[in-house]
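Listed below, chain by chain, are the residues.
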Amino acid sequence: MQRLKDRLAHMTPRRKIEYLMEYYGQSILFASVGVILVILLAVHIIQKKEYVLNILPLNADGRDIQATGTDYFQDFLKENGIDSNHNMIGINYTIYVDTESGRITNQDGIQMMQTLFMAQAVDVVLADETSFEKIADEGYLANLHDYLPDEVIEQYDGCIISTQNEETGQLMDVGIQVKNEGWLADTGWYQNPYVCIGFADNMSHQDLAVQFLLKILKQQDLYITGEKK
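The structure displayed is predicted, hence computed values, not measured ones.

**Q** Is there a simple way to think about the overall build of the chain in this case?
**A** The number of helices and strands found in the chain is eight helices and six strands. Along the chain, from the amino end to the carboxyl end, the secondary structure elements read α-α-β-α-β-α-β-α-α-β-β-α-β-α. Within the chain, buried positions represent 41% of all 229 residues. For the chain, the share of sequence-separated contacts (at least 6 apart) that also reach a separation of at least 24 residues comes to 70%. With the model as given, the accessible surface of the chain reaches about 13000 Å², and the carbon-plus-sulfur share is 49%.

**Q** Any chance you could explain the nonpolar core here in plain terms?
**A** A general trend in soluble globular proteins is that nonpolar side chains are found buried together. With 57 residues, the main nonpolar core has Phe73, Trp189 and Phe212 as its most contacted residues. When residues in this core are grouped by element, the largest group, eight residues, is from helix 8 (residues 206-218). In contact with phenylalanine 73, not counting residues within four places along its chain, are Ile55, Ala67, Ile89, Ile91, Trp183, Trp189 and Phe212.

**Q** Would you take a moment to explain the sheet that holds strand 4 (residues 160-164) for this structure?
**A** For sheets, the rule is that strands pair by backbone hydrogen bonds, running either parallel or antiparallel. The strand order across the open sheet formed by six strands is 2-1-3-6-5-4, and the pairing between neighbours is mixed. Two strands lie at the open edges of the sheet, namely strand 2 (87-91) and strand 4, each paired on one side alone. Adjacent strand axes in the sheet meet at a mean angle of 25° when their direction is disregarded. Sheet strands in contact with helix 8 are strand 1 (50-57), strand 3 (124-127), strand 5 (171-179) and strand 6 (194-199), and its direction is about 155° off that of strand 6.

**Q** Looking at this model, I keep getting lost on unusual backbone geometry. Mind explaining?
**A** It is generally the case that most residues other than glycine have a negative phi and that most peptide bonds are trans. Positive phi outside glycine occurs at asparagine 59, with the angle close to 55°. Note on placement: asparagine 59 falls in the loop between strand 1 and helix 3 (74-79). Since its relative accessible area comes to 10%, asparagine 59 is described here as buried. With phi around 55°, glutamine 120 is a residue other than glycine that occupies positive phi space.

**Q** What exactly am I supposed to notice about the packing of aromatic side chains here?
**A** Ring pairs (aromatic) are described by centroid distance and by the angle formed between their planes. Under the counting rule described, the total for this entry stands at nine aromatic pairs. A centroid spacing of 6.3 Å and a plane angle of 40° characterise the contact between phenylalanine 73 and tryptophan 189, whose relative ring orientation is tilted. Of this pair, phenylalanine 73 sits in the loop between strand 1 and helix 3 while tryptophan 189 sits in the loop between helix 7 (182-186) and strand 6, placing them 116 residues apart in sequence. The class of tryptophan 189 is buried, set by a relative accessible area of 0%. By way of ring pairs, the aromatic residues Tyr72, Phe73, Phe76, Trp183, Trp189 and Phe212 are connected into one cluster. Above the plane of the ring of tryptophan 183 lies lysine 215, whose end atom (NZ or CZ) is 5.0 Å from the centre.

**Q** Is there a simple way to explain the side chain of asparagine 59 in this structure?
**A** Separated by 2.6 Å, the side chain of asparagine 59 and the backbone nitrogen of valine 97 make a polar contact. When near neighbours in sequence (up to four residues on either side) are disregarded, asparagine 59 contacts Ile95, Tyr96, Val97, Asp128, Ser131 and Tyr190.

**Q** I'm lost on the pairing of strand 2 in this one. Help?
**A** A regular strand places its side chains on the two faces of the sheet in alternate fashion. Of all five residues making up strand 2, five are buried, and the element is well covered by its neighbours. The two faces of strand 2 match: Asn87, Ile89 and Ile91 on one face and Met88 and Gly90 on the other face are all buried. Relative to strand 2, strand 1 runs parallel, the two being bridged by five bridges. By the bridge assignment for strand 2, asparagine 54 is matched with glycine 90. Running through helix 3, the crossover from strand 1 to the neighbouring parallel element strand 2 is right-handed.

Criteria and cut-off values
Residues numbered from 1 in each chain as written. Predicted model: local features only at pLDDT ≥ 70, side-chain atom pairs only at ≥ 80, totals over all residues. Heavy atoms only, no water. Helix = DSSP H or I, 4+ residues; strand = E, 2+ residues; numbered from the N terminus. Buried < 20%, exposed > 50% of the residue type's maximum accessible area, 1.4 Å probe, protein only. Contact = heavy atoms within 4.5 Å. Areas by Shrake-Rupley, 256 points an atom, 1.4 Å probe, with all protein chains shown as cover. Core = buried A, V, L, I, M, F, W, Y, C linked by side-chain atoms within 4.5 Å. Pairing = 2+ DSSP bridges. Axes fitted to C-alpha atoms, helices over the stretch in contact; angles between N-to-C directions. Phe/Tyr/Trp six-rings, centres within 6.5 Å; stacked < 30°, edge-to-face > 60°. Lys NZ or Arg CZ within 6 Å of the ring centre and 35° of its normal. Polar contact = N/O pair within 3.5 Å; in protein donor to acceptor, adjacent residues only side chain to side chain. Right-handed = clockwise from strand over helix to strand, strands pointing away.

All we've got here are geometric facts, nothing functional implied.
This is how it looks when you write it as structure tokens:
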């Protein structure tokens, strides 16, 4: 401990942070995840609320994000017969994954994201196209055809995000690129005019996740087959 103090004493504040992240970043990350999980559990116990949907707007870059918690989705919950006094929606809109670099901050984001997927704390995934394709290739996303009617998916022909299934070697449709408009745009999650959306593999709340995605699709100015308007 004294040796660490001696090293830090001769470093600038910025270098101290870089040094600590380089050598202790993973330990700090896991400790932070542990604290978050404890807080979530405490909130759950105190408020006696159940999570009915978990949303991951990955790499959200909106300047004025409105959808930060359950309160924003009161109407959606009511539409689906769910009492918001006893149920809640989890939204992790602060996770950033830089798919272009191997920086420490990028690794932290990846590990946070992996922890959520492993804990089955993700049902719906949104992201920019590059990030969405990256997590699709890593096997985190479910086959759309397992949850959505074929006639719905066919309306977005040409806007489907696919990845190769490692077991079968066949292409699997895992996401839809939609316009960032209507209800989706109102969340403030993204500035980009297009956003990709899909389901997490092994999601815990599939019924409400499907309704969430369908609500977004119903508000879309539908794509022309094979070509975005």
